[in-house]
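The lines below spell out each chain.
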Amino acid sequence: ETYADWFRDRLPVTIVRPSNCIGQNQNPKYLAAKLAHAHRARLPDLTLGNTAIARDFVDVRDAADIFLQAILTEDPPPRLNASSGKATEISELLSTIATISGHRPKIRSDPAFFRPGDLMHQACANDLAQKLGHRPRFGLSDTLQWMLAAPRTLPKTEQTQVVA
């Protein structure tokens with residue numbers, strides 16, 4: 001961002017900071033996609049890190065709209081977030097996806113998956129995106145339903161067993 005600021009007087013620059021974007025066919029190495037895969041596959045057990053942390057999950061379609069609004073706006077702010085504007089605990093994500101899928105695997109917490117220095121609560125303001133005209137269309141439940149609706153098809157070189 002500092003580098004972009006050096007050229008702001010000569011080049012119109014808007015920095016859009018995407019939050020934790022989630023959606024269909026996301027790589028299962030990311031949490032929400034990992035959970036969607038595990039629930040579709042009806043895995044009996046899931047080993048996770050700290051489920052008490054909270055993150056700002058945003059539907060990738062809403063994030064794309066925020067980028068579009070920034071592009072279409074004549075005088076966008078120098079920085080804005082592509083986010084939902086609210087923090088969701090991993091435990092709530094688990095509960096929501098279990099309710100939608102009807103599957104409740106046994107959840108184990110493994111301290112080896114905890115990351116030292118990880119923020120416990122992260123939410124990004126999205127008021128600037130809304131001032132540009134963005135209106136969130138997809139809540140967490142909508143996004144998780146969409147993710148569960150389409151099984152991920154991996155290219156042959158990526159087909160591996162996903163351990164959740």
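Below, the structure is looked at part by part. Sequence order as written defines the numbering, with residues in each chain counted from 1. Selection of residues for local features in this predicted model requires a pLDDT of at least 70, selection of side-chain atom pairs for listing and counting requires 80 or more, and totals for whole chains, interfaces and linings are taken over all residues. Computation of side-chain values: all heavy atoms of the structure, hydrogens and water removed.

**Concerning the overall build of the protein**
This is how the line gets drawn: Under the scheme used here, helices are H or I runs from DSSP no shorter than 4 residues and strands are E runs no shorter than 2 residues, and both carry numbers assigned from the N terminus. Buried residues are those whose accessible area, probed at 1.4 Å on protein chains only, stays under 20% of the maximum for their type, while exposed residues exceed 50% and partly exposed ones sit between those limits. In what follows, a contact means two residues having at least one pair of non-hydrogen atoms within 4.5 Å. Reported accessibility uses the Shrake-Rupley method at a 1.4 Å probe radius. Residues are deemed covered only where the shown protein chains occlude them. In this tally, Lys and Arg are treated as positive and Asp and Glu as negative; His is ignored, and so are the chain termini. Where a charge lies is defined by one atom per residue type: Lys uses NZ, Arg uses CZ, Asp uses CG and Glu uses CD.
Helix and strand content of the protein: six helices and eight strands. In sequence order, the protein lays out its α and β elements as α-β-β-α-β-β-β-α-β-β-α-β-α-α. Across the 164 residues that make up the protein, the buried fraction comes to 38%. Of the contacts made within the protein by residues no fewer than 6 positions apart, 87% connect residues no fewer than 24 positions apart. Put simply, the protein shows about 9,800 Å² of open surface, and 54% of that area lies on carbon and sulfur atoms. Separation of charge centres in the protein, based on 20 positive and 17 negative side chains, amounts to 7 Å.

**Brief notes about the pattern of salt bridges**
As a working rule, side chains carrying opposite charge can pair if their charged atoms are close by. Definition in use: We define a salt bridge as a side-chain nitrogen of Lys or Arg found within 4 Å of a carboxyl oxygen belonging to Asp or Glu.
Taken as a whole, this structure holds nine salt bridges when the rule is applied. Between D9 and R10 there is a salt bridge, and its shortest N-O distance comes to 3.4 Å. Taken individually, D9 and R10 each receive the classification exposed, so the pair is uniform in this respect. A salt bridge links R115 to D118; the shortest N-O distance between them is 3.3 Å. For R115, a relative accessible area of 57% translates into the label exposed. Given a relative accessible area of 28%, D118 falls into the partly exposed group. Several salt bridges share partner residues, and in doing so they unite E1, D5, R8, R17 and R79 into one network.

**Observations regarding the environment of A112**
For A112, the position within the fold is in the loop between strand 8 (106-109) and helix 5 (127-131). Along the sequence, A112 and L48 sit 64 residues apart, while their C-alpha atoms lie 9.2 Å from each other.

**A word on unusual backbone geometry**
Peptide bonds are, in most cases, trans, and in most cases residues other than glycine have a negative phi. One non-glycine residue, N25, lies in positive phi territory at about 60 degrees. Its location among the elements puts N25 in the loop between strand 2 (20-22) and helix 2 (31-40). The backbone phi angle of R42 is positive, close to 55 degrees, even though this residue is not glycine. Along the chain, the position of R42 falls in the loop between helix 2 and strand 3 (45-48).

**Points about a nonpolar patch on the surface**
What counts here: Surface patches are drawn from residues lacking salt bridges whose relative accessible area is over 30%; two like charges belong together within 9 Å, two nonpolar side chains (Val, Leu, Ile, Met, Phe, Trp, Tyr) within 5 Å.
On the surface, L68, I71 and L72 cluster together to form a nonpolar patch covering roughly 330 Å² of accessible area. For L68, the location among the structural elements is in helix 3 (residues 60-72).

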